[in-house]
Amino acid sequence: MRDVTAGSEPVLELLPMVFADPGEARARAEHVLRAAPSPLHGSVAHQVLGIWQRDFGDLRIALRHLRRARDLAARAESADREADVLATLGVALVHAGRTRQGLASFERGVARGSGHTRARVLYRRAYVWWVLGHHREALEDVRRALPVLRQLADDIWTARALTLRATVHLALGAVDRAVADFTAAERLWDTTGQEHDKADAVESRGLAAFRSGDIPAALRLLDEAEERYAKLGTPTYNLSIRRCEVLMAAGLAPEALAEADAAIALLDRIGGQSTRKAELLLAAARAARSAGEAQTAIARAAVAVRLFAAQRRTWWETHARLVLIEARVAAGRRSGRMVADAAAVAERLASFGSPAAPEASLLAGRIALALGWTADAERHLAVAARSRHGGPPPARMTGWAAQALRARAAGSRRGVLEACRRGLDVLDDHRMTLGASELRAHATAQGAELAALAQEVSLAEGSPRRLLGWSERWRATVLSAPPTRPPDDPALLSGLTAYREIAARAEAARMEGRPVPALEREQRRLEREIRSRTRHIGGAAADAGDRLDVGRLLDRLGDGRLVELAVVDGRVHVLLCGQGKVRRFAGGSLAEAVAEAEHVQAGLRRLAHPGAEARLPVVEAAGRRLEELLLAGAARHLGPGPVVIVPPGALHRVPWALLPALRERVLSVSPSAGSWLRARETAPPPDGRPVLVRGPGLATGGAEVPELADRYGTATVLEGDDAQVPRVLAELDGAGLAHLAAHGTFRADSPLFSALRMADGPLIVHDFERLARSPYRIILSSCDTARLASVGADELLGLVTALLPLGTAGVVASSAPVNDAAVVPLMLALHKGLGAGLSLAEALRDARAALPGDAVHQATGWAFAAFGAA
């Protein structure tokens, strides 16, 4: 190491180095202190160590270093040196929750400093004002500091001041001003070696992208910032707070909660900043509330309120109080006091210029409505409704939700439907900026209230056709437009390949009884990387997809029937479409139907193994109860033709062929009426070539595949080493018919990693989404391939729903574990029907009828369903 004590300049260089190379700066400062430095040099070294500990370590140690630096600066009789240290100490004191002491330190620093130093002190006080939520004061101090910093060509501190001003603008909702300042700051950072500040600039651009409504860009930039911070070895608490905000906007509240809680735990372990802990607690409370964990949200928000109050951070405290009231309402609490509290929070947020003010007014209005205080509700909702015409999508949706509630309270059904339509249009525009189907699905949760209000009004009007239209308006919207194809991203392709290899090694190790923790950790890391990269993809669709044309649907049904199950206030309503009209029948309780469906699934799992024949009558009885709950009076009006069932997400695992009224019918299932109609109108590819794939490890060895190969003659057969994912995907692209005999795995925790086992590892949903066109017809002859995860408002994620928007018109798959041996005759009979020109649904009906009458074969037939319309 060079001699940093030889003169003042090398020692003073340590201060900018803290944010260029934090580890090296810390090591050099410790070296200076070991050499018995002068008071001036010792002051600098202690300040460097104080900054390092303040931002990356233990705040208590930071305060000791900074107080020592202050005392040494006074001994050195350097007013500017003392002023600089006082500013650094002021920041640390505020982050420690000692707001009054921190501001007093700044007062002394401003008084002691002059010229350049004073401008830097003002910048740091502006930063503290921002931390405290005093935005006007922050802008004033930046206004005073910037001309001096610019005049002295101090690019580093000028860039910091511009970045801070941009961040304050974002807090006030002035996105355009913020972007201009961020852009100017980044140009300056490019001329410096301040790597930590550069990472902060990328993070700030991510926040600006989020405020502009571009969630994929925000996630990409925040991930890039995290990579930069990781190279510097610095913690990322502020980044975690910002990522939580973006994840929640994307509908990924459980992920946001996990990230916030992990950051809080790390902060507690190292004795980090009290201010950051309060902000992380607020982020965790928001995430818990969005994830439906009301009690967790109450606990986190209550602690955040106490910390912010102790830190004299009124702006932050008010935002935390909003979340606390929202969580208490979610937990079922209502009172006049809560109306007053929410109104007071709304008024204070409005005085701050906070974009969250309409949300608080909406909350006050909701509570007042629940208490029957219509006049108070109207006053608060009218304020909230003003946000519907401008601002980011969440603010506009808040405004339209308020307007819909106002209309309902006033008895205006037309007003409710218009507000719901306009609000969901905003959501659709926002949703289509997202390229990843996962994000599109989760984002729909933001429209659940609007869609439910519209359904309630449609039901009250007694219009089955309108109820159908509104049920379709928020159901399976992800399938209404194909996901944006992932770009030819070498890193993503490399990640998919590495994931497949690691997953295959982990599976082999498990089968041999060897430990797999290291492989599982690497697999989870790769999953996170793949998930992150796919979320970076922006939307390419120009609109939100087709709206259901009920007239066209009725024409296409011919002599068939489509049964859509709408859920309003926990009750099932059966919408029977056919014969040129839509009729409604009252069904049963959704909760009872879900419980019954779970009993059926348990029974089918038992029946997949010989010796469980005694369970057959129990399963059949459950099928009869499901029919009463889900079809009710509509069962008598199904007619002789084919039937399409459109269930809500909560009922996607019902084995519909088990219901007595549906057992002998040509039966298909669809996530929505619109997706069935699109499948019905999808043309098959011109060559229609069949592809047969046989994966490893099947109990029967995929016994149906050789016989099917002989039957089709010209089919492409992939088995053994040929059944590797790249080759399989290449052959599936654009095929007319694909039969995949492979072990299936459903991932409830991450449905897009649900997989079929190939020779080189899992073929996952993310792989299928890379196809230019998925096969026209697909038969998945394995367990659990029809299992889906219900997310968002009423969206489903899994293998089947990944295929339908990509050109597949029909899928046969199972919703339960099945007996491998019993699958073989079912598949052979199914293909016999296809060879005779039948549709998948027709061929599956005949195949069930051709099976032996024992319990195992019957259960196998019921477990499989035809999806779509091919």
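Residues numbered from 1 in each chain as written. Predicted model: local features only at pLDDT ≥ 70, side-chain atom pairs only at ≥ 80, totals over all residues. Heavy atoms only, no water.

Quick word on the packing of helix H8 (residues 115-132) against helix H10 (residues 155-171)
The N-to-C vectors of H8 and H10 enclose an angle of 25°; their axes lie 10 Å apart at closest approach. Between H8 and H10, the angle is such that the two are roughly parallel. Note on packing geometry: the crossing formed by H8 with H10 is left-handed. Packed against H8, whose contacting residues are Arg120, Tyr123, Arg124, Ala126, Tyr127 and Trp130, the element H10 presents Trp157, Arg160, Ala161, Leu164, Thr167 and Val168 at the interface. Residues of the contact of H8 with H10, tallied by class, amount to 8 nonpolar, 1 polar and 3 charged. (Axes fitted to C-alpha atoms, helices over the stretch in contact; angles between N-to-C directions. Helix = DSSP H or I, 4+ residues; strand = E, 2+ residues; numbered from the N terminus. Parallel < 35°, antiparallel > 145°, perpendicular 65-115°, else oblique. Left-handed = near helix turned anticlockwise from the far one by under 90°. Contact = heavy atoms within 4.5 Å. Nonpolar A, V, L, I, M, F, W, Y, C, P; charged D, E, K, R; others polar.)

Focus: the side chain of Gln47
Structurally, Gln47 can be placed in helix H4 (residues 39-56). When neighbours within four sequence positions are excluded, Gln47 is seen to be in contact with Leu15, Leu66, Ala69, Arg81, Asp84, Val85, Thr88 and Arg124.

A closer look at the packing of aromatic side chains
Taken as a whole and assessed by the stated rule, the structure comprises 6 aromatic pairs. Look at Tyr127 and Trp130: their rings are 6.0 Å apart centre to centre, the planes differ by 45°, and that puts the pair in the tilted class. Of this pair, Tyr127 and Trp130 both sit in helix H8, 3 residues apart, roughly one helical turn. As far as burial versus exposure is concerned, Tyr127 and Trp130 are alike and both buried. (Phe/Tyr/Trp six-rings, centres within 6.5 Å; stacked < 30°, edge-to-face > 60°. Buried < 20%, exposed > 50% of the residue type's maximum accessible area, 1.4 Å probe, protein only.)

Topic: the nonpolar core
Ile215, Ile325, Leu349, Ile367, Cys420 and Leu439 are the most contacted members of the largest nonpolar core, which totals 105 residues. Other than its neighbours up to four places away in sequence, Leu349 contacts Thr318, His319, Leu322, Ser354, Ala356, Ala357 and Ala360. Counting 98 residues, the second-largest nonpolar core is a separate cluster that includes Leu658, Leu718, Ala742 and Trp862. (Core = buried A, V, L, I, M, F, W, Y, C linked by side-chain atoms within 4.5 Å.)

Remarks on the environment of Gln101
Looking at the element boundaries, Gln101 is found in helix H7 (residues 99-112). Each C-alpha atom, one on Gln101 and one on Gly42, is 24 Å from the other, the two residues being 59 residues apart in sequence. Apart from the residues lying within four places of it in its own chain, the contact partners of Gln101 are Arg67 and Leu93.

Observations regarding the pattern of salt bridges
Under the defined criterion, the tally for this structure stands at 64 salt bridges. Between Arg421 and Glu418 there is a salt bridge, and its shortest N-O distance comes to 2.8 Å. In this pair, Arg421 and Glu418 are both assigned in helix H23 (residues 413-431), 3 residues apart and thus about one turn of the helix distant. Using a relative accessible area of 35% as the deciding quantity, one classes Arg421 as partly exposed. Measuring nitrogen to oxygen at the nearest pair gives 3.4 Å for the salt bridge that ties Glu731 to Arg727. Taken together, the residues Glu731 and Arg727, both in helix H34 (residues 725-732) and 4 residues apart, mark about one turn of the helix. Under the relative-accessibility criterion, Glu731 is labelled buried at 18%. (Salt bridge = Lys/Arg side-chain N within 4 Å of Asp/Glu carboxyl O.)

Interpretation in functional terms is not warranted from these geometric data alone.
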